[in-house]
Amino acid sequence: EDENGWIMFYEGVSSEDGKHRILAAESDDLESWRKIGLVLDVGESGEAWDAKGVGSPHVIRLDDGFFRMYYTGESESGETAIGVAKTLDLSSWVREQAELSFAFE
């Protein structure tokens, strides 16, 4: 819940390309909902790890004041992974990219 009511994040499927995307709706009473629209689209390039679809959003607020959305993504080859996006306002989400390094002995 935010100051103005409730926000629900959900997975929708495009009738144009069949790809899954994350959308939002808002409510004052948890009974009637108004669609806000798209909040997280598929990856920008065909080579992105989540270019085929994004879904299953789970949103939490952390101690740094940001909201984090954990979501599943699917590549064009069908591989899936978990992604993270963050925001302060629940509408402008930015993907967080992890940089991994492996130490070999």
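All values reported here derive from a predicted model rather than from experimental measurement.

Reading guide: rules and limits
- Residues numbered from 1 in each chain as written.
- Predicted model: local features only at pLDDT ≥ 70, side-chain atom pairs only at ≥ 80, totals over all residues.
- Heavy atoms only, no water.
- Helix = DSSP H or I, 4+ residues; strand = E, 2+ residues; numbered from the N terminus.
- Buried < 20%, exposed > 50% of the residue type's maximum accessible area, 1.4 Å probe, protein only.
- Contact = heavy atoms within 4.5 Å.
- Pairing = 2+ DSSP bridges.
- Core = buried A, V, L, I, M, F, W, Y, C linked by side-chain atoms within 4.5 Å.
- Salt bridge = Lys/Arg side-chain N within 4 Å of Asp/Glu carboxyl O.

**Brief notes about the overall build of the chain**
Inference 1: Per the secondary structure count, the chain includes 0 helices and 7 strands.
Inference 2: Helices and strands appear in the chain in the N-to-C order β-β-β-β-β-β-β.
Inference 3: Within the chain, the fraction of its 105 residues that count as buried is 31%.
Inference 4: Sequence-distant contacts, at least 24 apart, represent 31% of the contacts inside the chain between residues at least 6 apart.

**Some thoughts on the pairing of strand E2 (residues 20-27)**
Consecutive side chains along a regular strand alternate between the two faces of the sheet.
Inference 1: In terms of burial, E2 is largely enclosed, as 6 of its 8 residues are buried.
Inference 2: Two elements, strand E1 (residues 6-13) and E2, share 8 bridges in a ladder whose sense is antiparallel. Bridge assignment links Ile 7 to a residue of E2, and that residue is Glu 26.
Inference 3: Direction of pairing for E2 relative to strand E3 (residues 34-40): antiparallel, over a ladder of 5 bridges. When the bridges of E3 are listed, Ala 25 appears paired with Lys 35.
Inference 4: Hairpin connection between E2 and E3: a loop of 6 residues separates the two successive antiparallel strands, and Leu 30 in this loop has a positive phi of roughly 65°.

**Some remarks on the nonpolar core**
Inference 1: In this structure, Phe 9, Ile 22, Ala 24, Val 39, Leu 40, Val 54, Phe 67, Met 69, Tyr 71, Ala 85, Leu 90 and Trp 93 together form the largest nonpolar core, which totals 12 residues.
Inference 2: Broken down by element, the residue count for this core peaks at 3 residues, all from strand E5 (residues 67-74).
Inference 3: Those residues in contact with Trp 93 that sit more than four places away from it in its chain are Phe 9, Val 39, Leu 40, Val 59, Phe 67, Arg 68, Met 69, Ala 85, Lys 86 and Thr 87.

**A few points about the pattern of salt bridges**
Two side chains of opposite charge can pair, provided their charged atoms sit close to one another.
Inference 1: Scanning all chains against the criterion turns up 10 salt bridges.
Inference 2: With a closest N to O distance of 3.0 Å, Asp 50 and Arg 95 form a salt bridge. Separated by 45 residues along the polypeptide, Asp 50 in the loop between E3 and strand E4 (53-61) and Arg 95 in strand E7 (residues 94-96) bring together distant segments of the chain.
Inference 3: Given the relative accessible area of 2%, Asp 50 is considered buried.
Inference 4: For Glu 96, the salt bridge is made with Lys 86, and the minimal N-O distance between the two is 3.8 Å. Linking Glu 96 in strand E7 with Lys 86 in strand E6 (residues 80-87), this pair joins segments that are 10 residues apart in sequence.
Inference 5: In this structure Glu 96 comes out as partly exposed when scored by relative accessible area, which is 30%.
Inference 6: We classify Lys 86 as partly exposed; its relative accessible area is 26%.
Inference 7: The structure contains a network of salt bridges with shared partners spanning Asp 64, Arg 68, Lys 86 and Glu 96.

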